[in-house]
Amino acid sequence: MKTILITGGAGFIGSNLCEKLIFDENNKIICVDNNFTGSITNVQKFLSNPRFQFISHDITNPIEIDEKIDEIYNLACPASPKFYQGKNAIFTTKTCVLGAINVLELAKKNNAKILQASTSEIYGDPLEHPQNELYKGNVNPIGIRACYDEGKRAAESLFFDYNRIHNTKIKIVRIFNTYGPNLNPDDGRVISNFIYQALKNQDITIYGNGTQTRSFCYIDDLINIIIKVMESPDEFIGPINIGNPKEYTINELAELIKNKINNNLKITYKPLPQDDPTKRQPDITLAKSYFNWEPKISLSEGLDKTIRYFQTLLKEQK
Ligand code: NAD
Ligand code: UDP
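This write-up is about the structure you can find in this document. (Residues numbered from 1 in each chain as written. Chains lettered and ligands numbered in written order. Predicted model: local features only at pLDDT ≥ 70, side-chain atom pairs only at ≥ 80, totals over all residues. Heavy atoms only, no water.)

### Comments concerning helix 9 (residues 299–317)
Formally: Under the scheme used here, helices are H or I runs from DSSP no shorter than 4 residues and strands are E runs no shorter than 2 residues, and both carry numbers assigned from the N terminus. Expected helix span is given by 1.5 Å per residue-to-residue step, counting one fewer step than there are residues. Only heavy atoms enter the contact rule, under which two residues are in contact if any of them lie within 4.5 Å.
The end-to-end C-alpha distance of helix 9, which contains 19 residues, comes to 26 Å, matching closely the 27 Å that a straight helix rising 1.5 Å per residue would cover. Contact partners of the buried residues in helix 9: strand 7 (178–179), helix 5 (190–199), strand 10 (217–218), strand 12 (247–249) and helix 7 (250–261).

### A short note on the environment of Ile-204
Quick reminder of the rule: Relative accessibility under 20% of the residue-type maximum defines a buried residue, over 50% an exposed one, and the middle range a partly exposed one, all with a 1.4 Å probe and only protein chains included.
Residue placement: Ile-204 occurs in strand 8 (residues 204–207). Owing to a relative accessible area of 0%, Ile-204 belongs among the buried residues under this scheme. The spatial distance from the C-alpha of Ile-204 to the C-alpha of Lys-266 is 6.3 Å, given a sequence separation of 62 residues.

### Points about the packing of helix 7 against helix 9
This is how it is decided: Here an angle of 0 to 180 degrees is reported between the N-to-C directions of two axes, which are lines fitted to C-alpha atoms, with helices fitted over the stretch in contact. For this classification, under 35 degrees means roughly parallel, over 145 means roughly antiparallel, 65 to 115 means roughly perpendicular, and everything else is oblique. With the far helix as reference, a near helix turned anticlockwise by less than a right angle produces a left-handed crossing, and one turned clockwise produces a right-handed crossing. Three classes are used, and their members are as follows: Ala, Val, Leu, Ile, Met, Phe, Trp, Tyr, Cys and Pro are nonpolar, Asp, Glu, Lys and Arg are charged, and the others, Gly among them, are polar.
Contact geometry of helix 7 with helix 9 gives a least axis separation of 11 Å together with a crossing angle of 55°. In terms of orientation, helix 7 lies oblique with respect to helix 9. You can see that helix 7 and helix 9 cross each other, and the crossing is right-handed. Residues Leu-253, Leu-256, Ile-257, Lys-260 and Ile-261 of helix 7 touch helix 9, and the partners they reach there are Leu-299, Ser-300, Leu-303, Asp-304 and Ile-307. Looking at the contact of helix 7 with helix 9, its residues break down into seven nonpolar, one polar and two charged.

### Observations regarding the site of ligand 1
The criterion, for reference: Definition of nearness: a residue and a molecule or strand are near each other if at least one heavy atom of the residue lies within 4 Å of the molecule or strand. Two N or O atoms form a polar contact when they lie within 3.5 Å of each other; inside protein one atom must be a possible hydrogen donor and the other a possible acceptor, and for residues adjacent in sequence the pair counts only when both atoms belong to side chains. Method for areas: the Shrake-Rupley scheme with a 1.4 Å probe, in which residue coverage is limited to the protein chains shown.
If you check the shell around ligand 1, you find 30 residues, and the closest are Asp-33, Thr-37, Tyr-148, Lys-152 and Arg-189. Thr-95 places a side-chain nitrogen or oxygen 3.1 Å from a nitrogen atom of ligand 1. Take Arg-189: an N or O atom from its side chain is 2.7 Å from a nitrogen atom of ligand 1. Contact with the protein chains covers 97% of the free accessible surface of ligand 1, which is 820 Å². When contributions to the shell around ligand 1 are tallied by element, the ones reaching two or more residues are helix 1 (12–22), helix 3 (89–110), strand 5 (113–119) and helix 4 (146–166). When residues of the shell around ligand 1 are assigned to their parent elements, the largest contribution, three residues, is made by strand 5. For the shell around ligand 1, the residue count by class is 14 nonpolar, 12 polar and four charged.

### What to know about the site of ligand 2
Every one of the 18 residues lining ligand 2 counts as a neighbour, but Val-190, Thr-205, Arg-214, Asp-276 and Arg-280 are closest to it. Within the contact set of ligand 2, an oxygen atom lies 3.0 Å away from a side-chain nitrogen or oxygen of Gln-212. Relative to its free-state accessible area of 520 Å², ligand 2 is covered by the protein chains to the extent of 95%. Elements that contribute at least two residues to the shell around ligand 2 include exactly helix 5 and strand 8.

Here's what the structure looks like:
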């Protein structure tokens, strides 16, 4: 049996990963989370499973686990601008940096493989388009997104140093915008905001003029590839871009969601947040050539599944 530790396991990506990994009866899952942005309700259904353990812990503090750990997915970090900037920006940097050191120490002690959930944000507001893994980025180191962008860059640097100095078995995935069930409806990300607003008959809020672009990957496509990356030979360490290369303007996204839920909704334009990237699109040549992977779920299909999830949530709240 493999023992797999997932930090941030009660969050959006983490809970979907727990769900997939617990299906394999050869896995024991240890989920470590401090409920900063995630929620135990996301993993409630696994709590009675003897192969699932939830540990309430903040990864900025060292992690002590009695049993031998085989794999670590380091997902713990607030991921939406509303939370990584707004809730506690200093805590975000601490989670990225001190958290990375603590999980890397645990990996070193256990000779475990460790995968870091890095981000397209390390490219900042990119001057190259699309972004491939060799692009070094254009990050404002003193802006309001820096706690996250620079925190994640520092974490990548720490992972590489542990690999060079201690031979720690690392994997770095750079995740582009991902969406799907278990997204926190209140976390301010564009897809959760638009769907929730539309379902509640509220105006859709577009920041700036809506010509900025993003590329949206459905959660199941992401989960499939990050497990493949974890299981790849030790020589493969990345970084590797993971995302859906189909690019949309935020205006197009709003129209798509309106068409699916209610075409009569109004759009309200609000100021564009500081340093909001103007464009973002992953070059996934490496994922295609090494893993024979590319996303299978279109934005339209993924939105339908996500809308159904939010409809159920809203019904439960009534
Ligand atoms: P999320 O906010 O839903 O999940 C993050 C989880 O980490 C939450 O459960 C939160 O409570 C937990 N957490 C935060 N700080 C912690 C700490 N100090 N100690 C313990 N737990 C802590 O976000 P998500 O979308 O699931 O993102 C997961 C990871 O993937 C993050 O590292 C994020 O940076 C990365 N990522 C996500 C996206 C995306 O589009 N969702 C894109 C790029 C990178
Ligand atoms: N955005 C928007 N309206 C919203 C929420 C977000 O127009 O209600 C925009 C935001 O300014 C950004 C894009 O949508 O340009 C994606 O935002 P999100 O916070 O989801 O992700 P990130 O900016 O981290 O890619």
